[in-house]
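Chain by chain, the residues run as shown.
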Amino acid sequence: RRMSSQVVQLASASDVDQALINENDRLVVIRWGRDDDPLCEEVDETMEKISNTCINMAVFCTVDIEEVPDFTVDHKLYDPYTLMFFHKRKAVKVNTGSSREKYIDALFELTPTTLLKAVEATYKRIQSKKKMSCNSDQLRGWATCFV
């Protein structure tokens, strides 16, 4: 299967860990699912289409949960695909325009435009949070992170 140089296929738990550890500024967007699933193939094509536009905001990765089952239970990866956004090794809520969710799944109408908007909005929120200088009480509820 052809994969863009802008979309990285992670083949092990160690690859996933390294992708999250090595990226400090951009979002790491991971598509969890089965590589041969038609919905996953559509998502991968969508990520490829916007990857150059988002190169300064996000790095896109895929993980085949059949090959790398290590995260399936922790992240509840039971849908045909799940897109999760990470920043500084933590899952962050995705700003989808209508809500903030922990992930994007097959129920979300994923197009290049909707994914680009979600990346841009989530990245801007993360950048705004980084620029704020305030105490932790003021940050509560802003870009909630998950471990």
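A few points on the structure. (Residues numbered from 1 in each chain as written. Predicted model: local features only at pLDDT ≥ 70, side-chain atom pairs only at ≥ 80, totals over all residues. Heavy atoms only, no water.)

### Brief notes about the packing of aromatic side chains
- The final tally for this structure, using the stated rule, is 1 aromatic pair.
- Measuring from ring centre to ring centre gives 5.3 Å for Trp-32 and Phe-71, while their planes differ by 50°; the resulting arrangement is tilted. With Trp-32 in strand S2 (residues 27-33) and Phe-71 in the loop between strand S3 (58-64) and strand S4 (81-87), the pair connects residues that are 39 residues apart, well separated along the chain. For the pair shown, Trp-32 and Phe-71 are each scored as buried. (Phe/Tyr/Trp six-rings, centres within 6.5 Å; stacked < 30°, edge-to-face > 60°. Helix = DSSP H or I, 4+ residues; strand = E, 2+ residues; numbered from the N terminus. Buried < 20%, exposed > 50% of the residue type's maximum accessible area, 1.4 Å probe, protein only.)

### What about helix H1 (residues 13-22)?
- All buried positions along H1 are accounted for by Val-16, Ala-19 and Leu-20. In an axial view of H1, the angular spread of the buried residues amounts to 95°, which keeps them on one side of the axis.
- Where H1 is buried, its residues touch strand S1 (7-10), S2, S3 and S4. (Arc of directions from axis to C-beta. Contact = heavy atoms within 4.5 Å.)

### Brief notes about the nonpolar core
- Ranked by size, the top nonpolar core spans 24 residues in total, and within it Leu-27, Phe-60, Leu-83, Phe-85, Ile-104, Leu-115 and Val-119 carry the most contacts.
- Contributing elements (two or more residues each) for this core: S2, helix H2 (38-51), S3, S4 and helix H3 (112-131).
- With 17 residues, the next largest nonpolar core counts Leu-20, Trp-32, Val-63 and Phe-86 among its residues. (Core = buried A, V, L, I, M, F, W, Y, C linked by side-chain atoms within 4.5 Å.)

### Topic: H2
- For H2, built from 14 residues, the straight-helix expectation of 20 Å at 1.5 Å per residue is met to within 8% by its first-to-last C-alpha distance of 20 Å.
- Every buried residue of H2 is listed here: Cys-40, Val-43, Asp-44, Thr-46, Met-47, Glu-48, Ile-50 and Ser-51.
- Structurally, the start of H2 carries an N-cap: the backbone nitrogen of Leu-39 is 2.7 Å from a side-chain oxygen of Asp-37. (Expected span 1.5 Å × (residues − 1). Polar contact = N/O pair within 3.5 Å; in protein donor to acceptor, adjacent residues only side chain to side chain.)

### A closer look at the pairing of S2
- For S2, the tally of buried residues reaches 7 of 7 residues, placing the bulk of the element in the interior.
- The alternating pattern of S2 places Leu-27, Val-29, Arg-31 and Gly-33 and Val-28, Ile-30 and Trp-32 on opposite faces, both of which are buried.
- Where S2 meets S3, 7 bridges bridge the pair, whose relative direction is parallel. Note that in S3 the partner of Trp-32 across the bridge is Val-63.
- Handedness of the crossover is the feature at issue here: the chain leaves S2, passes through H2, returns alongside S3, and the resulting connection is right-handed.
- Across 6 bridges, S2 lies against S4 in antiparallel orientation. The residue bridging Gly-33 from the neighbouring strand is Tyr-81, located in S4. (Pairing = 2+ DSSP bridges. Right-handed = clockwise from strand over helix to strand, strands pointing away.)

### Considerations on unusual backbone geometry
- You will see that Lys-88, though not glycine, has its phi angle at about 50°, which is positive.
- Looking at the secondary structure, you find Lys-88 in the loop between S4 and strand S5 (90-92).
- Given a relative accessible area of 45%, Lys-88 falls into the partly exposed group.
- The backbone of Arg-89 shows a phi angle near 70°, a positive value even though the residue is not glycine.

### A look at the environment of Cys-54
- For Cys-54, the position within the fold is in the loop between H2 and S3.
- Each C-alpha atom of the pair Cys-54 and Glu-120 lies 7.9 Å from the other, and the pair is 66 residues apart in sequence.
- Apart from residues no more than four positions distant in its own chain, Cys-54 is found in contact with Phe-60, Leu-116 and Val-119.

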